[in-house]
Amino acid sequence: MTPRFLLVGLLLATCSLIVMAFDPSPLQDFCVADRNSKVLVNGFACKDPKMVNADDFLFKGLLGMMVNTTNAVGSNVTNLNVELFPGLNTLGISLARIEYAPWGLNAPHYHPRATEVLTVIEGTLQVGFITTNPNNRFFTKRLQKGDVFIFPKALIHFQQNVGNGYALALSSLSSQNPGVVTIANAVFGSNPDISDDTLAKAFQVDKKVIDEIQSNF
Ligand SMILES: *[C@@H]1O[C@H](CO)[C@@H](O)[C@H](O)[C@H]1NC(C)=O
Ligand SMILES: *[C@@H]1O[C@H](CO)[C@@H](O)[C@H](O)[C@H]1NC(C)=O
């Protein structure tokens, strides 16, 4: 191979890596997920397009939905991803609705496959995200109704309702299936547990502190 071919090869390999880091582009107008198909593909197999109708592209009443925010953190997330909304299959996009009780928190978490753009529909939220090592920069803002904030792909972020009223936000996410890793649940509530010796070292505290935190998850 001449150096030029090598260079072209390297460029192509780099491009395909970049492409693979996102939801693949659709190769047809739509591919409504057929949740009953036994075919295993990246995403879901398509429902017969002749059987698709306008209802496959509609989700009714997202804003007025009743959820229960009485839990340890005081928030409730409805992930309107391909699981709940099969019409999103192959389209590289989804939505989340987040409701917060007074002072409720959507605890630190990240989405391995998506950037998120959050819009405050009601209330006041303190939001933030943290960059990767070694800087671990913390970007934070107080958002009012109508404000929009970006959480870059795969970075740890959170939102907290900093008011006595209820708060509501809508998020757009750049994947049909963004995935969620909630830090506290992953670290302290894994199945089976990570050894308290490991976590005591990682967090620089006594094992008893780790045992106590683990017992909460
Ligand atoms: C969110 O609300 C729904 C509907 O009330 C409820 O079924 C679900 O358990 C709630 N989730 C949490 C984490 O509290
Ligand atoms: C909300 O969830 C809590 C905790 O699970 C439960 O005690 C309460 O009855 C639920 N509220 C409603 C309205 O379902």
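Residues numbered from 1 in each chain as written. Chains lettered and ligands numbered in written order. Predicted model: local features only at pLDDT ≥ 70, side-chain atom pairs only at ≥ 80, totals over all residues. Heavy atoms only, no water.

- The chain has the name Germin-like protein in an unreviewed UniProt entry, where Artemisia annua is given as its organism.
- UniProt annotates the chain under Sequence similarities (unreviewed entry) with the comment "Belongs to the germin family."
- You can read under Subcellular location (unreviewed entry) in the UniProt record for the chain the words "Secreted, Extracellular space, Apoplast". (UniProt positions renumbered as here; feature names shortened; annotations may be inferred.)

## Some details on the packing of aromatic side chains
Right, so step 1: Considering all chains together, one arrives at eight aromatic pairs under this definition.
Right, so step 2: When the ring of Phe 59 is compared with that of Phe 85, the centres are 5.8 Å apart and the planes differ by 55 degrees; the resulting orientation is tilted. Remark: Phe 85 occurs in the loop between β1 (75–80) and β2 (94–100) and Phe 59 occurs in the loop between α1 (3–20) and β1; sequence separation between them is 26 residues.
Right, so step 3: For Phe 59, a relative accessible area of 28% corresponds to the partly exposed category.
Right, so step 4: Chaining the aromatic ring pairs together yields one cluster made of Phe 129, Phe 139, Phe 149 and Phe 151.
Right, so step 5: The aromatic ring of Phe 44 is capped on one face by Arg 35, whose charged end is 4.6 Å from the ring centroid. (Phe/Tyr/Trp six-rings, centres within 6.5 Å; stacked < 30°, edge-to-face > 60°. Helix = DSSP H or I, 4+ residues; strand = E, 2+ residues; numbered from the N terminus. Buried < 20%, exposed > 50% of the residue type's maximum accessible area, 1.4 Å probe, protein only. Lys NZ or Arg CZ within 6 Å of the ring centre and 35° of its normal.)

## Focus on the sheet that holds strand β9 (residues 167–173)
Where strands meet in a sheet, backbone hydrogen bonds hold them as pairs that are either parallel or antiparallel.
Right, so step 1: Pairing in this open sheet of five strands is antiparallel, and the strands run β1-β2-β9-β4-β7 from one edge to the other. In the strand order of this sheet, the two ends are held by β1 and β7 (148–151), each with one partner. Across this sheet, the average inter-strand angle for adjacent strands is 20 degrees, counted without regard to direction. (Pairing = 2+ DSSP bridges. Axes fitted to C-alpha atoms, helices over the stretch in contact; angles between N-to-C directions.)

## Topic: unusual backbone geometry
Glycine aside, residues mostly have negative phi angles, and peptide bonds mostly take the trans form.
Right, so step 1: Of note, the bond from Asn 133 into Pro 134 is cis; its omega dihedral lies within 30 degrees of zero at 0 degrees.
Right, so step 2: Topologically, Pro 134 is positioned in the loop between β5 (125–130) and β6 (138–143).
Right, so step 3: In this chain, Asn 191 is followed by Pro 192 through a cis amide linkage whose omega measures -5 degrees.
Right, so step 4: In the Ramachandran plot, Asn 136 falls in the positive-phi region, its phi being about 45 degrees despite a non-glycine side chain.
Right, so step 5: By the secondary structure assignment, Asn 136 is in the loop between β5 and β6.

## Things to note about the sheet that holds β5
Right, so step 1: Taken together, five strands build an open sheet; the order of strands is β6-β5-β8-β3-β10 and the sheet is antiparallel. Pairing within the sheet leaves two strands with one partner each, and these edge strands are β6 and β10 (181–182).

## Describing the state of the cysteines
Right, so step 1: Taken as a whole and assessed by the stated rule, the structure comprises one disulfide.
Right, so step 2: For Cys 31, the disulfide goes to Cys 46, at an S-S distance of 2.1 Å. As the torsion about the S-S bond is roughly -105 degrees, the Cys 31-Cys 46 disulfide counts as left-handed. Placement of Cys 31 in the loop between α1 and β1 and of Cys 46 in the loop between α1 and β1 is noted, with a sequence separation of 15 residues between them. (Disulfide = S-S within 2.5 Å.)

## Overview of the pattern of salt bridges
Right, so step 1: Counted by the stated rule, this structure contains six salt bridges.
Right, so step 2: The salt bridge involving Lys 50 is made with Asp 48; its shortest N-O contact spans 3.7 Å.
Right, so step 3: Note on Lys 50: relative accessible area 73%, which makes it exposed.
Right, so step 4: One salt bridge connects Arg 97 with Glu 99, and the closest N-O pair in it is separated by 2.9 Å. Residues Arg 97 and Glu 99 agree in their burial class; the two are buried. (Salt bridge = Lys/Arg side-chain N within 4 Å of Asp/Glu carboxyl O.)

## Remarks on helix α3 (residues 196–203)
Right, so step 1: At the N-terminal end of α3, a side-chain oxygen is found 3.1 Å from the backbone nitrogen of Asp 197, two or three residues along, and the residue is Ser 195.
Right, so step 2: At the exit of α3 stands Gln 204, carrying a positive phi of roughly 60 degrees. (Polar contact = N/O pair within 3.5 Å; in protein donor to acceptor, adjacent residues only side chain to side chain.)

## Re the site of ligand 1
Right, so step 1: Taken together, the neighbourhood of ligand 1 is formed by Met 66, Val 67, Asn 68, Asn 71 and Asn 76.
Right, so step 2: At 3.0 Å from an oxygen atom of ligand 1 is found a main-chain nitrogen or oxygen belonging to Asn 68.
Right, so step 3: A distance of 2.9 Å separates an oxygen atom of ligand 1 from a polar atom in the side chain of Asn 71.
Right, so step 4: Protein burial of ligand 1: of its 360 Å² of free accessible surface, 40% is covered by the chains. (Near = heavy atom within 4 Å. Areas by Shrake-Rupley, 256 points an atom, 1.4 Å probe, with all protein chains shown as cover.)

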